[in-house]
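An overview of the molecular structure
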Amino acid sequence: MFDYTVKTDQTVEAVVEKVKTTLKEEEFGVLWDFNLSETLEEKGQAIDGDYRILEVCNPKEAKKSSRRTEKAGISSRANSPCSQRTGRPMSGCRSRRN
């Protein structure tokens, strides 16, 4: 698994917007913007701080992969969590690819 994490002084919202802009510039798309903090709060399980997860994908590469094998969906996306619990916000990338 690939792991890359950066600490920042920006808010989680600012980091999410920056990540989305940068992804678009690199021809990636955001498939899903999941606000974990809100969802858990709605279910009565609030957590401290903000936690968002962006599921990202390169549509061109996903299309190529899907032509080669129908199992391509397993590895065609990556999660980019953005969180702030204590201290400075963090942004990272977690990929299912080896």
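Here the structure is a predicted model, which means the values were calculated and not measured.

Looking at the overall build of the protein
For the protein, the count of helices and strands is 3 helices and 5 strands. Counting from the amino terminus, helix and strand elements in the protein follow one another as β-α-β-α-β-α-β-β. Burial analysis of the protein (98 residues in total) assigns 30% to the buried set. In the protein, of all internal contacts separated by at least 6 residues, the share reaching a separation of at least 24 is 60%.

Some words on the confidence of the model for the protein
Confidence in the prediction of the protein, expressed as mean pLDDT, is 77, and 66% of residues score 70 or more. By mean pLDDT, strand 5 (residues 90-95) is the weakest element of the protein at 54, and helix 2 (residues 36-42) is the strongest at 93. Segment residues 94-98: pLDDT under 50, and 20 contacts once partners within four positions in sequence are set aside and those in other chains are kept.

Observations regarding the packing of aromatic side chains
A full pass over the atoms with the stated rule returns 1 aromatic pair. Here the aromatic rings of W32 and F34 are separated by 4.8 Å at their centres, their planes lie at 20°, and the arrangement is stacked.

Regarding the pairing of strand 3 (residues 50-57)
Counting buried residues along strand 3, 6 of its 8 residues qualify, which places the element largely inside the surrounding structure. Strand direction decides the pairing type here: strand 2 (residues 29-35) and strand 3, joined by 6 bridges, are antiparallel. Across the sheet, N35 pairs through a bridge with R52, a residue of strand 3.

Details of helix 1 (residues 12-25)
Relative to the 20 Å expected for 14 residues at 1.5 Å per residue, helix 1 spans 20 Å between its end C-alpha atoms, a close match to the ideal helical length. Taken from the residues just after helix 1, E27 is the one with a positive phi, measuring 65°.

A look at the nonpolar core
Membership of the largest hydrophobic core is limited to 7 residues, which are V12, V15, V16, V19, L23, L54 and V56. Of all the elements in the fold, those that place two or more residues in this core are helix 1 and strand 3. The element best represented in this core is helix 1, accounting for 5 residues.

What counts, and where the lines are drawn
Residues numbered from 1 in each chain as written. Predicted model: local features only at pLDDT ≥ 70, side-chain atom pairs only at ≥ 80, totals over all residues. Heavy atoms only, no water. Helix = DSSP H or I, 4+ residues; strand = E, 2+ residues; numbered from the N terminus. Buried < 20%, exposed > 50% of the residue type's maximum accessible area, 1.4 Å probe, protein only. Contact = heavy atoms within 4.5 Å. pLDDT = per-residue confidence, 0-100. Phe/Tyr/Trp six-rings, centres within 6.5 Å; stacked < 30°, edge-to-face > 60°. Pairing = 2+ DSSP bridges. Expected span 1.5 Å × (residues − 1). Core = buried A, V, L, I, M, F, W, Y, C linked by side-chain atoms within 4.5 Å.

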